Structure formats: structure tokens, C-alpha cells
Amino acid sequence: MKFKVPTLETERLILRMWSKKDAPALYDYAKNPNVGPNAGWKPHASVYESKMIISQLFLKNMTWAIVDKESGKVIGSIGLEEDKLRDEVKSKELGYSLSEEFWRRGIMTEAAKRIIKYAFEELKLDVLMIKTGDANVRSQRVIEKCGFVYEGTLRRAYRLYDGNVREIRCHSMLREEYLSLLEKNKF
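Residues numbered from 1 in each chain as written. Predicted model: local features only at pLDDT ≥ 70, side-chain atom pairs only at ≥ 80, totals over all residues. Heavy atoms only, no water.

Enquirer: An account of the pattern of salt bridges is needed here, citing residue identities and associated values.
Expert: Enumeration according to the criterion identifies 14 salt bridges in this entry. A salt bridge links Asp134 to Arg169; the shortest N-O distance between them is 4.0 Å. With Asp134 in the loop between strand E6 (127-132) and helix H5 (137-146) and Arg169 in strand E8 (residues 165-174), this residue pair connects regions lying 35 residues apart in the sequence. Judged by its relative accessible area of 44%, Asp134 falls in the partly exposed class. Salt bridges sharing partners connect three or more residues here, namely Asp28, Lys73 and Glu101. (Salt bridge = Lys/Arg side-chain N within 4 Å of Asp/Glu carboxyl O. Helix = DSSP H or I, 4+ residues; strand = E, 2+ residues; numbered from the N terminus. Buried < 20%, exposed > 50% of the residue type's maximum accessible area, 1.4 Å probe, protein only.)

Written out as C-alpha cells, the structure reads:
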């Protein structure tokens, strides 16, 4: 089943549905060993593997391609998936990746804030959560800039692609926290 996501925009970005034609662009940044392992996935080995990720994962879930408006280039992904820690609550988990070429420019914070707005205003979520590893300092910075609240660390909770198991730092944002941030013009 294909999941259709709406096209969303920010000042510098277009967030749109993935296409199998985006496989070379995904491979271009996902082959970098500095990108995937921070999120727990192995660097892509081929354009074919990237195409399979698009068709088997991105198109079947609520995942957007992050497109740089200036260049028109796909530079990352951002998505919402089921929150496996909250079965009885209207909640999703936020996840993302970004080409190393675009790090340290506030791009992911910009994309994340747009998806957070969509999650609370369009999907009417009660909670939005995000998880990251201890070593992923860049992601922790995005989480902090977006206003998520640290909930705690799950020890030995996530098996990486290489078989190692790591801790997960859990953060969340409640609907009322989002509305408070919105009121303060943080979104």
C-alpha cells in the first residue's frame, strides 16, 4: 500500500512524497558512513538498495523527501511512524536523516518544525516522540531546538544494523507544549 503525503513548504525547503526516481539522490547522501550509522542503519551499498528503501519503506509510510528549494536537490528524509511505546495514545514518532553537505545550517530543525506543526495541527496528535542515541549529538541539538522534553534513556533498547545494541534517549512533545511554543512564536 502506498502512503500519500501532502507537499509541505518552509522558507528553504519543499517536503514532498518520495519517488523511485529519487533513488540516485538518496544513495548520494545515504552511502555516507557519517549519515546512517548515527540513526542505526547501514550506509546504502547501491542505488538499487536506495530504490528498495524508497519503495518498501518511504512510500509505505508517512515519509517526506526533503528538497532544497535553491538547488532542487533531494537532501534528506523526514517521517512520522507509529510510536511503539504508546499503544493507547494518539502519538507518532519523528525520524529524519540529512545529507552531510547540509549539516550545521538549521535545515533539519526547519524541516522538523514543519512536520511537528503538521503532526499537531493536521493529524491532531496528543504526543509526538523522538528517539536518538547518546552519540548522535547533532540530532540531540535538533531535538532541543524544536522544544522536545527529555523523558529518559532506555538501556540496551535498540539493535543496530551491525548487531550492536545501544541505549535510546527518549524525548516527547505534548499537544499543550506545542501550543505553548506556538503562542511564543517558536513555530
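Enquirer: Go over the sheet that holds E8 with me, naming the residues and quoting the values.
Expert: Strand order in the open sheet made by the eight strands is E1-E2-E3-E4-E5-E6-E8-E7, with mixed pairing throughout. Edge positions in the sheet fall to strand E1 (8-9) and strand E7 (149-159), since each has one partner strand and no second. Two strands pair when backbone bridges link them, and E7 and E8 are joined in this way by seven bridges, in the antiparallel orientation. The residue of E8 that forms the bridge with Arg159 is Val165. (Pairing = 2+ DSSP bridges.)

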